[in-house]
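Descriptive analysis of the structure
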Amino acid sequence: GAALRGRGGAAPGGGGGSKAKKKNGRSRGGKANNPPYLPPEVSSDGRRNYPSVKQLKLVNPSQYRFEHLVTQMKWRLQEGRGEAVYQIGVEDNGLLVGLSEEEMRASLKTLRRMAEKVGADITVLREREVDYDSDVPRKITEVLVRKVPDNQQFLDLRVAVLGNVDSGKSTLLGVLTQGELDNGRGRARLNLFRHLHEIQSGRTSSISFEILGFNSKGEVVNYSDSRTAEEICESSSKMITFIDLAGHHKYLKTTIFGLTSYCPDFAMLVVSANTGIAGTTREHLGLAMALKVPFFIVISKVDLCSKATVERTVKQLERILKQPGCNKLPLLVNSDDDAVTAAQQFAQSPNITPIFTLSSVSGENLDLLKVFLNILPPLTNSKEQEELMQQLTEFQVDEIYTVPEVGTVVGGTLSSGICREGENLVVGPTDDGKFLRLKVCSIQRNRSACRVLRAGQAATLALGPFDRSLLRKGMVMVSPEMNPTICSVFEAEIVLLFHATTFRKGFQVTVHVGNVRQTAIVEKIHGKDKLRTGEKAVVCFRFIKHPEYLKIGAKLLFREGVTKGIGHVTDLQAITAKENSLEESLAPGQLSF
């Protein structure tokens, strides 16, 4: 068999293999009917696909070779955070040689044995025939190897759902997560709504979370068969958390908050086939691009209109995506094979934008979206995850609730470090720039209890009898030794995307940085008196209400009416935070240490 090639160079104990120089993914010279090559694994900007492993054949390996292959598989799975794709019948340099029926059967049997040895399952993604100087038909097969999660460490991907009002976002999520089709009058979305007025108007106004699981065999695990959220978490090895955002312009600040504070890995832009690109669609597309969130597009409601109308909407989207501002490469998904290609290409290159056309009522092409979500790889590898976990604890507070018999509960994302049950942290900054001590009583992740929270995961933390009135969205909970820097005045390098007149000193805007959302005044524009649409500058802002915890380099988005701009934080005028236990203002026993 050929040596393996994938993420991170040669695997431990693995051969390097011959790497043929390729030009545009093809080898120069060779046979007259040049055989096809697979494209290189690393894209121009260094983003990678899965650890995709090229194997010529695995027919009856010796015991030593088998052990060696198992070690490599373990390493591949660790690198891909529990997932790897094996391409059988492909040489190291990407040459598609193919195997006969018998050799392929034997190779898959060996791969199954290897997977069993490391506690993983295999799923055949697709088979393809190759014409390669031979009378016997030869095939190559792509196989997804997914490890059954140990200690609830399932792979978790967050997908923000964007799109204009009435484009079918909540309905699509209802159908995916509940497992039954819609009746055409909005039955599927009823389980997603959080408020009575949302049910009455049919419009999402708050952010809700829905989960869709895939088990190690790649089968969908959702609420059908009356499963609970806990059962879904237990039987899934990969979880997709959908963040359902509001489409209506009135709730734009909620949508921006969902995109900036929940740090989604991907965004799904839903466009209705019968209305096309209307309302807030362009704005949502712009937000995803400004925040550099890779997105794919779903055209819904194809059962309501003719084929010609669907094609017109697809063409309209393709035209917008190819414009210089977007510079994306649309990829229309019509078959399972397309869905597999789309998932792999999408993770490799940020310029590829898969487009799905489906119906939540008839269920047309719904399976293609499920195949795509099943194979979609994480953006970070295990090494980056480890590095984040070794930093000090930092948890962003996005939501605050009071739960009977539990007390105050905060929801949000752990941006770095590890948080354990019973840990002592400090939360702040308060209005006067102080940090208060508190204790994490318990943790819930995806509605099921969890003892340890790792960097990048979203969860809710119960804080016991801590006074809820002292908390607000935009605060952070950090480990006491961090000595966090807070500021009221900061500088940012910005680009003014749109402004009706000129943008000058004294202008007030709402600034979004991560989970921070507050009105700020423009104190100074460096080197200029005023800014016009499309101009760049370093601007000094001052928060009008209270100091906030910011980091240099954080992405920034600001808006005021039709004025919009993006940029990043370049400098902070730090105020040193004083930790204060606030014992005098709280009744005894109300503060837990």
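The notes below deal with the structure included here.

The rules behind each value
- Residues numbered from 1 in each chain as written.
- Predicted model: local features only at pLDDT ≥ 70, side-chain atom pairs only at ≥ 80, totals over all residues.
- Heavy atoms only, no water.
- Pairing = 2+ DSSP bridges.
- Helix = DSSP H or I, 4+ residues; strand = E, 2+ residues; numbered from the N terminus.
- Core = buried A, V, L, I, M, F, W, Y, C linked by side-chain atoms within 4.5 Å.
- Buried < 20%, exposed > 50% of the residue type's maximum accessible area, 1.4 Å probe, protein only.
- Domains from an automatic or database assignment.
- Contact = heavy atoms within 4.5 Å.
- Expected span 1.5 Å × (residues − 1).
- Arc of directions from axis to C-beta.
- 1 Å grid on protein atoms, 1.4 Å probe; cavity = no way out; pocket = protein on both sides within 12 Å on 5 of 7 lines; lining within 4 Å.
- Points joined across faces, edges and corners; volume = space filled by probe spheres on them.
- Nonpolar A, V, L, I, M, F, W, Y, C, P; charged D, E, K, R; others polar.
- Axes fitted to C-alpha atoms, helices over the stretch in contact; angles between N-to-C directions.
- Left-handed = near helix turned anticlockwise from the far one by under 90°.
- Phe/Tyr/Trp six-rings, centres within 6.5 Å; stacked < 30°, edge-to-face > 60°.
- Lys NZ or Arg CZ within 6 Å of the ring centre and 35° of its normal.

Okay, the sheet that holds strand β12 (residues 295–300) next. Reading across the sheet, the eight strands line up as β9-β8-β10-β7-β11-β12-β14-β13 and stay open at both edges, with mixed pairing between neighbours. With one partner strand each, in any of the chains shown, β9 (220–221) and β13 (329–333) form the two edges of the open sheet. Direction of pairing for β13 relative to strand β14 (residues 352–357): parallel, over a ladder of five bridges. By the bridge assignment, Pro330 is partnered in β14 with Thr353.

Here we take up the nonpolar core. In terms of nonpolar packing, the biggest core is built from 36 residues, with Phe242, Met268, Phe296, Leu369 and Phe372 touching the most fellow members. Looking at this core, the elements with two or more residues in it are β7 (155–163), α3 (169–178), β8 (208–214), β10 (238–244), β11 (266–272), β12, α9 (336–348) and α10 (366–375). The dominant element in this core, judged by the number of residues it contributes, is α10, at six residues. Split by domain, this core shows at least three residues from each of two domains, domain 1 (52–147) and domain 2 (155–379). For Phe372, the residues in contact, after removing those within four places along its chain, are Phe296, Ala339, Ala342, Ala343, Phe346, Pro354 and Phe356. Core analysis: the second largest hydrophobic core is formed by 33 residues, Ile256, Val293, Val314 and Ile355 among them.

What follows concerns helix α8 (residues 307–322). Taking 1.5 Å of rise per residue, 16 residues should cover 22 Å, and α8 covers 22 Å from first to last C-alpha, within 8% of that figure. Among all positions of α8, only Thr309, Val310, Thr313, Val314, Leu317, Ile320 and Leu321 are buried. The buried residues of α8 occupy an angular sector of 140° when projected down its axis, which confines them to one face. Of the residues in α8, the exposed ones pointing more than 90 degrees away from the buried face are Lys307, Ala308, Arg312, Lys315, Arg319 and Lys322. Tucked into the core, α8 has its buried residues touching β11, α7 (281–290), β12, β13 and β14.

Before going further, it helps to spend a moment on empty space enclosed by the protein. A full pass over the atoms with the stated rule returns one cavity of 30 Å³ or more. In this structure, the largest cavity occupies an estimated 40 Å³ of space. For the largest cavity, the full set of lining residues is Arg126, Glu127, Arg128, Ile140, Thr141 and Glu142. Going through the elements one at a time, β5 (120–130) and β6 (138–147) are the ones with two or more residues in the lining of the largest cavity. Looking at the lining of the largest cavity residue by residue, the classes come out as one nonpolar, one polar and four charged.

This next bit is on the packing of helix α1 (residues 63–79) against helix α2 (residues 101–118). A packed helix pair is summarised by two numbers, namely the angle formed by the two axes and the spacing between the axes. Close contact between α1 and α2 brings their axes to 9 Å; oriented N to C, the two are set at 60°. When the axes of α1 and α2 are compared, the crossing they make is right-handed. Taking contact as the criterion, the partners of Phe66, Glu67, Leu69, Val70, Met73, Lys74 and Leu77 in α1 are, on α2, Thr110, Leu111, Arg113, Met114, Ala115, Lys117 and Val118. Classifying every residue of the contact of α1 with α2 by side-chain character gives nine nonpolar, one polar and four charged.

A few words now on the sheet that holds strand β4 (residues 83–88). Reading across from one edge, β3-β4-β6-β5 is the order of the four strands in this open sheet, with mixed pairing throughout. Only two strands of the sheet have a single neighbouring strand rather than two, namely β3 (52–55) and β5. Averaged over all neighbouring strand pairs, the angle between strand axes comes to 20°, with direction disregarded. Two strands pair when backbone bridges link them, and β4 and β6 are joined in this way by six bridges, in the antiparallel orientation. Within β6, the position partnered with Glu83 by the bridge is Arg146. Against the sheet, α1 touches β3, β4, β5 and β6, its axis set at about 135° to β4.

This paragraph deals with the layout of surface pockets. A probe matching the size of a water molecule, rolled over the atoms, marks out where space remains unfilled. If you add up the space inside the second largest pocket, you get close to 730 Å³. Those elements that provide at least two residues to the lining of the second largest pocket are β7, β8, β15 (394–403), β16 (407–416), β20 (442–445) and β23 (458–462). When residues of the lining of the second largest pocket are assigned to their parent elements, the largest contribution, five residues, is made by β23. The residue inventory of the lining of the second largest pocket, partitioned by class, reads 15 nonpolar, nine polar and seven charged. Taken together, domain 2 (155–379) and domain 3 (383–478) each give at least three residues to the lining of the second largest pocket, which thus spans both.

Okay, the packing of aromatic side chains next. Given two aromatic rings, one states the distance between the centres and the angle between the planes to describe the pair. Going through the model one piece at a time under the given rule, you end up with 13 aromatic pairs. Ring centres of Phe346 and Phe372 lie 5.9 Å apart, and the angle between their planes is 40°; on these two criteria the pair is classed as tilted. You can see Phe346 sitting in helix α9 and its partner Phe372 sitting in helix α10, a full 26 residues away along the chain. Across the pair, exposure class does not vary: Phe346 and Phe372 are buried alike. Through a chain of ring-to-ring contacts, the aromatic side chains of Phe490, Phe503, Phe507, Phe541, Phe543 and Phe558 assemble into a single cluster. One cation-aromatic arrangement involves Arg113 over Phe66; the distance from NZ or CZ to the ring centre is 4.2 Å. Over the ring of Phe257 we find Arg517; its NZ or CZ atom is 4.9 Å from the centre of that ring.

Just distances and angles here, no functional claims.
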